Structure formats: structure tokens, C-alpha cells
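Reading the structure
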Amino acid sequence: MSKARHSVKTSRGHDAGGARWAATVEAHRQAQQDLILDAVIGLLGERGIAGLTMSALAERAGVSRATVYHYFADVDQVLAAWASREVRRSVAGLIDHAAQLQDPLERLRWLLDEQLEHFAGQDHRLSVEHLESEAGSPTLRVAVAGALEPMRQLLASTLESLAANDQFHFEGNIELAVDMIFGLLAAARRHLAEGRLSPTEASATLWGLLVRGWLGPGAAGSDDRRASAGQSIPREPTHFEA
């Protein structure tokens, strides 16, 4: 074998070995971060936000304080990473199922109902109780907004499909409509988390507003179509949305 060929073979071997090592390091890093983030919701439930310290996270996760600080500068960064992870997982599940719903009207109603059902869930109630809202922390707010972007894009494309079918009538741009729908969801969020409103009541109220304002009376019949198609699937619990 010539020196040139041997050199190329050796270089490729080093590249492959380097790639495997990098993958191993990344897997270890992700596993360590997940251990820390998995400890968040339990500590919030037991001790509240005041008890969510770097020492408590290290103890619950079974790692050293140095490990926690290696990945996160402070509790605010931990909360931002946790919220982002949970929202991304949930949004991925939403997008996967929504892609199976060909009727944009059914897709819109399903997306709204899934969010409302989640807001009434125990884990989300716990998050609202201890964190009040993600608006309290700029770092947390930015993290959640970024994680929700695919959901916003899905909602925008759904509204565009409805508009193309002459089923959606809105004088502003689609981005404004998406913001307003997120605002409606956020308005219902605390009522649901505090048990003052049921998901069914919230759904009827929000859908009624959309039918009377943007969708038209033809959308009122979507309940029958949703009942025949099935309206809910299990998905990852999420603690921050809308």
C-alpha cells in the first residue's frame, strides 16, 4: 500500500473514531441534563419555587452540584431548559397527529381542544401554581416562545388552508390571527388551571367566538365530523404552553 493510500485510510479511521467519540460525549451530556431536568417538577410539587435550588436539583438527580453548574448557570436557566424540553416534546406530538387530519377545520378544532385539555391537567396546574406564568422570567419566556414556534407555524398553515377554502375570513394578516388565537388560549389557561372552567366549556366558548367572528356558521358542524373521526390521542404531558 502506498504512503498516500495509507494516509487517507488512517485519516478516515481517525474521522470515524472522532465522530463516535463525539456522539458518545453528546449522549452523556444529554443524559446528564435529562436527569437534572427530570427533577424539576417533583421538587416544585414538594417545595415550591423557593425550594428549587441547585443543591436540591443535584440531590434529586443523583449528581454533584458541580455537574448541575457545568450545564446550567442558575435555576432560571434550568427552568428555561425544562420548559423548552417539555413544550418541544408536546408540540412534536401535536404536529405528528395533526398531519393525519386532512380537513383544516377538524385540525384547528383538534389543536384547540388538545391545548385546553392540557391546561386542565394536574401537571400544568402545578406549574401555574408555583411559577404563576412564564412571563415572570425573560429567559423562560424566550425559551417557551422558541419551543412553540412549530406550533405557531402549524396553526398559521391551517388558517391559510381554511382561507384558501373560503372558510376563514380575517382582515388582518395570518400572523396576527395566530397571535389572537394564542391570546384566547392564554385567557382560558388560568381559568382551566384553577378549575373554574372545564375543557368542554372552554372549547365551546372559544369555538363559538371563532365561528361567529372568522369561520362562519358552516364550522359549527365540525363537532359531528370530529366525533366520527376521533378527537384525542395520548401525548407527552407539557407544563408550559400558550
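If you're wondering where the values come from, they're calculated on a predicted model, not measured in any experiment. (Residues numbered from 1 in each chain as written. Predicted model: local features only at pLDDT ≥ 70, side-chain atom pairs only at ≥ 80, totals over all residues. Heavy atoms only, no water.)

**Some details on the overall build of the protein**
Check the secondary structure of the protein and you find 11 helices and zero strands. Its helices and strands in sequence order give the protein the pattern α-α-α-α-α-α-α-α-α-α-α, from N to C terminus. Sequence separation of 24 or more characterises 72% of the internal contacts of the protein that already satisfy a separation of 6 or more. By element, 54% of the accessible surface of the protein is carried by carbon and sulfur atoms, the whole surface being about 12600 Å². (Helix = DSSP H or I, 4+ residues; strand = E, 2+ residues; numbered from the N terminus. Contact = heavy atoms within 4.5 Å. Areas by Shrake-Rupley, 256 points an atom, 1.4 Å probe, with all protein chains shown as cover.)

**Digging into the nonpolar core**
Grouped together as the largest cluster of nonpolar side chains are 62 residues, with contacts concentrated most on L159, W207 and L215. At 11 residues, helix α8 (residues 138–164) tops the list of elements feeding residues into this core. (Core = buried A, V, L, I, M, F, W, Y, C linked by side-chain atoms within 4.5 Å. Buried < 20%, exposed > 50% of the residue type's maximum accessible area, 1.4 Å probe, protein only.)

**Points about the pattern of salt bridges**
According to the stated counting rule, one finds 10 salt bridges in the structure shown. Salt-bridge contacts for R29 lead to E26; the nearest nitrogen and oxygen are separated by 2.4 Å. With R29 and E26 both in helix α1 (residues 3–38) and three residues apart, the pair spans about one turn of that helix. Here R109 ties to D113 by a salt bridge, and the two come within 3.6 Å at their closest N and O atoms. One end of the pair is R109 and the other is D113, both in helix α6 (residues 104–119) and four residues apart, which spans about a single turn. Neither R109 nor D113 differs from the other in exposure class; each is buried. Among the charged side chains, a network of salt bridges with common partners joins D34, D38, R85, E86 and R89. (Salt bridge = Lys/Arg side-chain N within 4 Å of Asp/Glu carboxyl O.)

**Brief notes about helix α3 (residues 54–61)**
Along α3, the residues classified as buried are M54, A56, L57, A58 and A61. At the exit of α3 stands G62, carrying a positive phi of roughly 75 degrees.

**Remarks on the packing of helix α2 (residues 40–47) against helix α5 (residues 75–98)**
For the pair α2 and α5, the least separation of the axes is 11 Å and the interaxial angle reads 120 degrees. Residue-level contacts link V40, I41 and L44 of α2 to V78, L79 and W82 of α5. Within the contact of α2 with α5, the residues separate by chemical class into six nonpolar, no polar and no charged. (Axes fitted to C-alpha atoms, helices over the stretch in contact; angles between N-to-C directions. Nonpolar A, V, L, I, M, F, W, Y, C, P; charged D, E, K, R; others polar.)

**Looking at the packing of aromatic side chains**
Applying the stated rule across the entire model yields three aromatic pairs. Here the aromatic rings of F168 and F170 are separated by 6.0 Å at their centres, their planes lie at 25 degrees, and the arrangement is stacked. Ring centres of F168 and W214 lie 5.8 Å apart, and the angle between their planes is 85 degrees; this geometry places the pair in the edge-to-face category. Of the two residues, F168 sits in the loop between α8 and α9 (174–193) while W214 sits in helix α10 (residues 199–215), which places them 46 residues apart along the sequence. The burial state of F168 is the same as that of W214; both residues are buried. (Phe/Tyr/Trp six-rings, centres within 6.5 Å; stacked < 30°, edge-to-face > 60°.)

**Focus: the confidence of the model for the protein**
Across the protein, pLDDT averages 81, with 77% of residues at or above 70. Counting contacts from residues 227–242, a segment whose pLDDT is below 50, to residues more than four positions away or on other chains yields 55 contacts. (pLDDT = per-residue confidence, 0-100.)

**Thoughts on the side chain of Q33**
By the element assignment, Q33 lies in helix α1. Take Q33: its relative accessible area is 14%, and that puts it in the buried class.

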